[in-house]
Amino acid sequence: MRERAHVREVGPRDGLQMVKTILPSARKLAWCRGALEAGIRDIEVTSFVPPKVVPQFTDAEEVARGAVAMQGLRPSVLVPNLKGAERGFALDVPQVNYVLSASEAHNLANVRRSTEESLEDFARIAAVRDQRPGVRIALGGGIATAFGCTIAGAVSEARVVEIAARLVEMGADEIIVADTVGYGDPGQVRRLMKAVVAAIGHVPVACHFHDTRGLGLANVTAALEAGVRAFDASLAGLGGCPFAPGATGNIDTEDTVFMLEQLGFDTGVDVEKLIDLRREVENWLPGERFSGAIARAGLPKTYRPRAKVSA
Ligand code: COA
Ligand code: ZN
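Visitor: What's the story with the overall build of the protein in this structure? I'm lost.
Guide: Looking only at helices and strands, the protein features eleven helices and eight strands. Against the 2.2 N^0.38 benchmark of 19 Å for 311 residues, the protein shows a C-alpha radius of gyration of 18 Å, consistent with a compact globule. With the C-alpha coordinates aligned to their principal axes, the bounding extent of the protein is approximately 50 × 40 × 40 Å. Every one of the 311 residues in the protein was classed for burial, and the buried ones make up 57%. In the protein, the proportion of contacts linking residues at least 24 apart, taken out of those at least 6 apart, comes to 75%. Distance between charge centroids for the protein: 2 Å, based on 36 positive and 38 negative side chains.

Set out below in structure tokens:
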């Protein structure tokens, strides 16, 4: 039995934040369905932010509702505050991913308050979650700019570990450590992720890398060495935070799955189906810059038998 590694598709959220085309809800849901058919069960499907902040997510309720209804899918949504979390709770979305930044300057630019205020808001979100009747909704605690910030520069590793520990203490079910602007390098990733895993080892830890400086997949291998087994990625390498200067795309989902499978992990994902889906998504988004090597070069003949998808 191969060890499992989890890939969460964040294209319908992170991937669409900066694209010019407002994608109709039906296409966002077709993206989710296609990813599910390729074997991806975890998809961050939208973002509950005010429509005027990111117009792409004006249809967030419709997309979340459609995704929640998709059998076999475990959708999550991104939220920046209590109001966003309440929108997710109202639709019984299985996981709500809260985002704050380790960099004060980016937190201010992104969510217009201090990191401490964001931490206090997370405590309120967890309290509301805990008081809800019915199915328990999982809370992800996302730490943006954990490896550095294009506004502030260096970010303290001790501060990232402290934030992770506090989010867990307050009720986070998963910690997502994000390199929002692609400043991380493998040495730094290995060191910081070892420290995070050691501090909150009983809670699942995911990494969210952007390939801005070409080190995205190298950082995945470093995080694997530190014990991380879950990664966010975006189809065709789309993505980027509109409130972080110089941000570019996430690590590419197809390439990430390819590498994890080659390293011997079981992702449950069929790369060829992902490539077919990617072609469709490319057609929907004229004028965008797509990345990823496997879609361009094709799988090597030596590729291990691909995952059998039973969805
Ligand atoms: N969803 C919908 N509406 C929301 C909302 C949410 N999550 N949060 C706030 N609002 C509404 C408020 O009700 C208020 O509406 P009103 O003017 O009709 O009364 C208005 O937006 C302003 O609310 P306020 O709490 O003052 O927010 P703000 O203007 O200080 O903005 C955030 C704070 C967090 C909402 C905003 O900065 C944000 O959405 N940031 C996320 C940015 C992002 O998506 N980054 C990329 C992902 S990392
Ligand atoms: Zn991101």
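Visitor: I'm lost on the packing of helix H4 (residues 104–111) against helix H5 (residues 115–131) in this one. Help?
Guide: To characterise two packed helices, one gives the angle between the axes of the helices and the distance between these axes. Close contact between H4 and H5 brings their axes to 9 Å; oriented N to C, the two are set at 60 degrees. Taking contact as the criterion, the partners of Glu104, Asn107 and Val111 in H4 are, on H5, Thr115, Glu116 and Ser118.

Visitor: What is the right way to read the site of ligand 1 from this model?
Guide: Taken together, 19 residues lie around ligand 1, and Phe48, Asn81, Arg87, Asn110 and Arg112 are the ones closest in. Measuring from a nitrogen atom of ligand 1, one finds a side-chain N or O atom of asparagine 81 at 2.8 Å. A distance of 3.2 Å separates an oxygen atom of ligand 1 from a polar side-chain atom of lysine 83. At three residues, the largest contribution of residues to the shell around ligand 1 is made by helix H3 (residues 82–90). Here the shell around ligand 1 is composed, by residue class, of ten nonpolar, four polar and five charged.

Visitor: Help me understand the pairing of strand E7 (residues 205–209) in this model?
Guide: Across a regular strand the side chains alternate sides, sitting on one face of the sheet and then on the other. Most of E7 sits inside the fold, with five of its five residues counted as buried. Burial of E7 is two-sided: the residues Val205, Cys207 and Phe209 facing one way and the residues Ala206 and His208 facing the other way are all buried. Pairing between strand E6 (residues 174–179) and E7: five bridges, direction parallel. Following the sheet pairing, isoleucine 176 is matched in E7 by alanine 206. Viewed along the sheet, the connection from E6 through helix H7 (residues 186–200) into E7 turns out right-handed. Looking at chain direction, E7 and strand E8 (residues 230–233) are connected through two bridges and run parallel. Bridge assignment links cysteine 207 to a residue of E8, and that residue is phenylalanine 231. After leaving E7, the chain enters helix H8 (residues 216–225) and then returns to the sheet as E8, a path that is right-handed.

Visitor: How do you make sense of the environment of glutamate 62 when you look at a structure like this?
Guide: Among the secondary structure elements, glutamate 62 is positioned in helix H2 (residues 60–68). When the C-alpha atoms of glutamate 62 and valine 155 are compared, they prove to be 37 Å apart, with 93 residues separating the residues in sequence. Ignoring any residue separated from it by four or fewer positions in sequence, one finds glutamate 62 in contact with Ser25 and Leu29.

Visitor: I keep staring at the packing of aromatic side chains and nothing clicks. Help me out?
Guide: Any two aromatic rings considered together are summarised by their centre-to-centre distance and by the angle between their planes. The full count for this structure, using the stated rule, is three aromatic pairs. Aromatic side chains tyrosine 98 and phenylalanine 122 sit 5.4 Å apart centroid to centroid with 40 degrees between the ring planes, which places their arrangement in the tilted category. In this pair, tyrosine 98 is assigned in strand E4 (residues 95–101) and phenylalanine 122 in helix H5, connecting sequence segments 24 residues apart. There is no split in this pair, since tyrosine 98 and phenylalanine 122 are both buried. Ring geometry for phenylalanine 258 and tyrosine 303: centres 5.5 Å apart, planes at 35 degrees, overall tilted. Of this pair, phenylalanine 258 sits in helix H9 (residues 253–262) while tyrosine 303 sits in the segment after helix H11 (294–297), placing them 45 residues apart in sequence.

Visitor: So what exactly am I meant to see when it comes to the environment of alanine 102 here?
Guide: On the secondary structure map, alanine 102 appears in the loop between E4 and H4. A sequence separation of 43 residues divides alanine 102 from threonine 145, and the C-alpha atoms of the two residues are 5.9 Å apart. Setting aside residues no more than four positions away along its own chain, alanine 102 makes contact with Thr115, Ile143, Ala144, Thr145, Ala146, Val155, Arg159, Val160 and Ile163.

Visitor: Any chance you could explain the coordination of the zinc ion (ligand 2) here in plain terms?
Guide: When a metal carries six donors in an octahedron, the ideal angles between them are 90 or 180 degrees, while four donors in a tetrahedron ideally lie at 109.5 degrees. Listed as protein donors to the zinc ion (ligand 2) are Asp14 (OD), His208 (NE2) and His210 (NE2); their distances from the metal cover 1.9 to 2.1 Å. Each donor residue of the zinc ion (ligand 2) belongs to the same chain, with the gaps between them written as D-x193-H-x1-H.

Visitor: Which parts of the structure should I look at to understand the environment of valine 77?
Guide: Inspection of the secondary structure puts valine 77 in strand E3 (residues 74–79). The buried category is assigned to valine 77, whose relative accessible area is 0%. Measuring from C-alpha to C-alpha, the distance between valine 77 and glycine 11 comes to 12 Å, with 66 residues separating the pair along the chain. Sequence-distant contacts of valine 77, defined by excluding residues within four places in its chain, comprise Glu44, Val45, Thr46, Phe48, Ala64, Val93, Gln95, Val96 and Asn97.

Visitor: What am I meant to see in the pattern of salt bridges here?
Guide: Side chains that differ in sign of charge can pair as their charged atoms come close. For the structure shown, the criterion picks out 27 salt bridges. Where glutamate 157 meets arginine 191, a salt bridge forms, and the shortest distance between an N and an O atom there is 2.8 Å. Residue glutamate 157 is found in helix H6 (residues 157–170), and its partner arginine 191 is found in helix H7; the two are separated by 34 residues along the sequence. Assessed through its relative accessible area of 25%, glutamate 157 is described here as partly exposed. Classification of arginine 191 by relative accessible area gives partly exposed; the value is 48%. A network of salt bridges, in which partner residues are shared, links Arg2, Arg4, Glu261 and Asp266.

Definitions and cut-offs
- Residues numbered from 1 in each chain as written.
- Chains lettered and ligands numbered in written order.
- Predicted model: local features only at pLDDT ≥ 70, side-chain atom pairs only at ≥ 80, totals over all residues.
- Heavy atoms only, no water.
- Helix = DSSP H or I, 4+ residues; strand = E, 2+ residues; numbered from the N terminus.
- Rg over C-alpha atoms; globule rule 2.2 N^0.38 Å.
- Buried < 20%, exposed > 50% of the residue type's maximum accessible area, 1.4 Å probe, protein only.
- Contact = heavy atoms within 4.5 Å.
- Lys, Arg positive; Asp, Glu negative; His and termini not counted.
- Charge placed at Lys NZ, Arg CZ, Asp CG, Glu CD.
- Axes fitted to C-alpha atoms, helices over the stretch in contact; angles between N-to-C directions.
- Near = heavy atom within 4 Å.
- Polar contact = N/O pair within 3.5 Å; in protein donor to acceptor, adjacent residues only side chain to side chain.
- Nonpolar A, V, L, I, M, F, W, Y, C, P; charged D, E, K, R; others polar.
- Pairing = 2+ DSSP bridges.
- Right-handed = clockwise from strand over helix to strand, strands pointing away.
- Phe/Tyr/Trp six-rings, centres within 6.5 Å; stacked < 30°, edge-to-face > 60°.
- Donors = N, O, S within 2.8 Å, 3.2 Å for Na, K, Ca; no water.
- Salt bridge = Lys/Arg side-chain N within 4 Å of Asp/Glu carboxyl O.

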